[in-house]
Amino acid sequence: MEIIHYMASNMDLILQKTWEHIFIISIAIIPAIFTAVPIGIAITANDDHAKKVITTASVILTIPSLAIFGILIPVLSPFGYGIGEVPAIIALYFYSQLPILRNTYTAIKNVDPALREAANGMGMTLMQRLIYAEIPLATPVILAGVRTAVVVNISIATIASYIGAGGLGDFIARGISQTDKRQLVAGIIGVSILAICSDMFLAYLQKILTPKGIREEKR
Amino acid sequence: MIKLQDLTKVFQTPEGTDIVAADKINMEVETGEICILIGPSGCGKTTTLKMVNRLIQPTSGKIYINGKDVTQIDTIELRRQLGYVIQQIGLFPNLTIKENVGLVPKLLKWDKKRINDRTVELLEMMALDPAVFADRYPRQLSGGQQQRVGVARALAADPEALLMDEPFGAVDPINRAVIQDEFLKMQRKLKKTILFVSHDIDEAVKMGDKIAIFKDGVLEQYDTPARILGNPANDFVDAFVGADSAIKRLGVLNCEDAYFHEPEGFVTRNETVGKARELMAQKSYSRVVVLGKNGNPKGYITKSDIEGKDGKVNDHHHPIHYIADLKTDCRTALSKMLDNETTWLPVVDESGTYQGYINQMGITHALGRTKRA
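Residues numbered from 1 in each chain as written. Chains lettered and ligands numbered in written order. Predicted model: local features only at pLDDT ≥ 70, side-chain atom pairs only at ≥ 80, totals over all residues. Heavy atoms only, no water.

A. Quick peek at the state of the cysteines. Following the criterion strictly, the structure yields zero disulfides over all chains and no others. Between Cys330(B), a cysteine without a disulfide, and Cys255(B), which holds the nearest cysteine sulfur, the sulfur-to-sulfur distance is 5.0 Å. (Disulfide = S-S within 2.5 Å.)

B. Here's a closer look at the interface of chain A and chain B. Every contact between the two is made by 22 residues of chain A and, on the other side, 25 residues of chain B. Taken together, both faces of the contact between chain A and chain B bury some 2000 Å²; the carbon and sulfur share is 63%. Broken down residue by residue, the surface that chain A buries against chain B is led by Glu117(A), Met122(A) and Tyr132(A), which jointly contribute 31%. For the pair chain A and chain B, the number of links is one salt bridge. Among the salt bridges present, the one from Glu117(A) reaches Lys50(B), with a minimum N-O distance of 3.2 Å. Between the two partners, chain A and chain B, sit eight residue pairs in polar contact (both at pLDDT 80 or more). Those elements that provide at least two residues to the side of chain A that touches chain B are helix H6 (113-121) and helix H7 (126-159) of chain A. Ranked by residue count, the leading element in the side of chain A that touches chain B is H6(A), at seven residues. Split by residue class, the side of chain A that touches chain B holds twelve nonpolar, six polar and four charged. (Contact = heavy atoms within 4.5 Å. Buried area = accessible area lost by both parts, 1.4 Å probe. Salt bridge = Lys/Arg side-chain N within 4 Å of Asp/Glu carboxyl O. Polar contact = N/O pair within 3.5 Å; in protein donor to acceptor, adjacent residues only side chain to side chain. Helix = DSSP H or I, 4+ residues; strand = E, 2+ residues; numbered from the N terminus. Nonpolar A, V, L, I, M, F, W, Y, C, P; charged D, E, K, R; others polar.)

C. How the structure looks around a positive patch on the surface. The grouping of Lys185(B), Arg188(B), Lys189(B) and Lys191(B) at the surface amounts to a positive patch. Residue position: Lys191(B) is located in the loop between helix H8 (173-190) and strand E8 (193-198). (Patch = residues over 30% accessible without salt bridge, like charges linked within 9 Å, V, L, I, M, F, W, Y side chains within 5 Å. Areas by Shrake-Rupley, 256 points an atom, 1.4 Å probe, with all protein chains shown as cover. Lys, Arg positive; Asp, Glu negative; His and termini not counted. Charge placed at Lys NZ, Arg CZ, Asp CG, Glu CD.)

D. Focus on the pattern of salt bridges. Residues and elements named next belong to chain A. What the rule picks out here adds up to 21 salt bridges over all chains. Of the charged contacts, one joins Glu 20 and Lys 17 as a salt bridge, the two residues approaching to 3.6 Å between their closest N and O atoms. Placement of both Glu 20 and Lys 17 in helix H2 (residues 11-42) is noted, with a separation of three residues, approximately one turn of the helix. Of the residues examined, Glu 20 reaches a relative accessible area of 15% and is grouped as buried. A relative accessible area of 10% places Lys 17 in the buried class. (Buried < 20%, exposed > 50% of the residue type's maximum accessible area, 1.4 Å probe, protein only.)

E. Looking closely at the domain arrangement of chain B. Residue and element names in this part refer to chain B. Domain parsing of chain B yields domain 1 (2-249) and domain 2 (255-372). Computed over C-alpha atoms, the centres of domain 1 and domain 2 are 42 Å apart. Listed per partner, the contact involves six residues of domain 1 and four residues of domain 2. Summing the contributions of domain 1 and of domain 2, the shared interface buries around 520 Å²; its carbon and sulfur component is 39%. (Domains from an automatic or database assignment.)

F. Here's a closer look at the sheet that holds strand E14 (residues 297-302) of chain B. Residues and elements named next belong to chain B. The strand order across the open sheet formed by four strands is E12-E13-E14-E15, and the pairing between neighbours is mixed. Each edge of the open sheet is held by one strand with a lone partner, namely strand E12 (266-268) and strand E15 (318-319). In terms of strand pairing, E14 meets E15 through two bridges, oriented antiparallel. Note on E15: the bridge partner recorded for Gly 299 is Pro 319. (Pairing = 2+ DSSP bridges.)

G. Molecular detail of the side chain of Glu117(A). Inspection of the secondary structure assignment puts Glu117(A) in helix H6. A distance of 3.2 Å separates a polar atom in the side chain of Glu117(A) from a polar atom in the side chain of Lys50(B). Apart from residues lying up to four places away in sequence, Glu117(A) is in contact with Lys50(B), Leu55(B), Tyr84(B) and Ile86(B).

H. Geometry of the pairing of strand E10 (residues 218-223) of chain B. All names here are of chain B. The pairing of strand E9 (residues 210-215) with E10 spans five bridges and is antiparallel. Looking at the pairing, Phe 214 lines up with Leu 219 of E10. Hairpin remark: E9 followed by E10, antiparallel, with two residues in the connecting loop; positive phi at Asp 216, about 45°.

I. Up close: unusual backbone geometry. Residues and elements named next belong to chain B. Residue Glu 166 is not a glycine yet carries a positive backbone phi of 40°. Note on placement: Glu 166 falls in the loop between strand E7 (161-165) and H8. Notably, Asp 216 is not glycine yet its phi reads approximately 45°, a positive angle. Relative to the helices and strands, Asp 216 resides in the loop between E9 and E10. Given a relative accessible area of 54%, Asp 216 falls into the exposed group.

J. Spatial organisation of a nonpolar patch on the surface. A cluster of nonpolar side chains, contributed by Trp19(A), Ile22(A), Phe23(A) and Ile27(A), occupies part of the molecular surface with about 370 Å² of accessible area. Residue Ile27(A) is classed as partly exposed on the basis of its relative accessible area of 38%.

K. Geometry of the packing of aromatic side chains. Residues and elements named next belong to chain B. By the definition in use, this model includes nine aromatic pairs over all chains. With a centroid separation of 5.8 Å and 70° between ring planes, the pair formed by Phe 168 and Phe 183 is classed as edge-to-face. Of this pair, Phe 168 sits in the loop between E7 and H8 while Phe 183 sits in helix H8; the two residues are 15 residues apart in sequence, bridging distant segments of the chain. Pair check on accessibility: Phe 168 and Phe 183 agree, each one buried. (Phe/Tyr/Trp six-rings, centres within 6.5 Å; stacked < 30°, edge-to-face > 60°.)

L. Region of the structure containing helix H1 (residues 45-52) of chain B. Burial analysis of H1(B) places seven of its eight residues in the buried class, the great majority of the element. Within H1(B) the residues assigned to the buried category are Lys45(B), Thr47(B), Thr48(B), Leu49(B), Lys50(B), Met51(B) and Val52(B).

Structure below.
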């Protein structure tokens, strides 16, 4: 009851923090898509490179987020961005690479070899083959990677509150330091709702961007 | 015309040893002919085909298409001039049938209307109603329908030649026969120069104007189906075409080549028995064919049937179960004889006019003649 009352009376602040959260993640995820997808496609040409790139991206994902924020402070301080949104966005950008890149790689690799041969045989260039067939066919799987990245980022962005990036993490951080259950739970609820809504939105996007010819038929 | 000159492909295994997949292949495919490349797995037939559109880069040798050396021209440009059909079809599942067929014209930057007209024309040619199929997606079609679309796609930009890699191999046997027949019918109109890889000698005999038999990268024999079957160049070809090569040869022999010309050996149904008897005596026929109302062979009568009888021939004749025409292949004719427990069939021309008859002796002689030829 107490919590509901708190949330209702602080709705403005919650919405503002939610917006900050969304802002950080969006700014990180959009450039991440534009680098991870081309890299994912490029490495399909060479299995050795693919292995190296995917391993590197996996290693990045295993570094604890607080550690990355810590590393970025001295690196970005000379430019005046040691703390705040910038290091948070950079960290989230790196965390987004692996799920998107790996899904892109897998999806392109799984395109029917017959289709590739037919495309080559009819005189399509690599670019035409990607545009007409491989990317559209890989889109659902690439978007599944984006979904994973977004959901992971929503939770990681919470921690970025400790370096002053704002977002819903502020409620949680303050809730812990002030042992204020109301703020803590408000933050948790906010993050959960945001995660669920984003996932649903991206699932919808995935559905409408899946080429009609490969959609599951309703029976 | 496609001409291969000393075409050679040497592959290197990871261990560094060389494998000669195609060894100095020399052959010429005349314009408008279907040439079947055939042989056991790993014989070089597919390698040879793929060197023509350079999906495999030749190690040495030349390829001429209509007199033009294409070994050096840009691969993309070359491939757009050659239709390519593969066994796995490889339609783009994300594109509609119409878009799949119109793909190469689109790459060639044709305008929309021209692409659309061409697509409709091709779907109709492939016996796929454009109103029904144009906006469907590949997965909504059966395997046979998909392969028709595959052929339509290959023909879309009116290529100089078609390359087909076991195109009907994945289609079930019943549909395969249908699609082969349709393809031959279409080819009679289009007269494309076609290189066609197959592993099925029956398909080769049926479809090919010429057959090229490969073994271990070497072209063992290149000739018409009749000559490959009748005069195998060596033991390998002999074994490859099979012990029943004479039976297969029946399929490439028409009644025209084997029938006995006897255009007067008939009576019409309303003529008298006396007339028939007279004809038999005069020409020393042991039987005469009885023609029905429309001049088509309806039955036959033998000497003993009408001995001491009178009236019209129509009252005494035996029925005829199958009528061959000049273009009927001898395999079908023989099969119909066996089926109907008879030793001969009447033969008519395209207009249905009685020409003579075919029997097993005639077929045997024709086989013998073409073997010696």
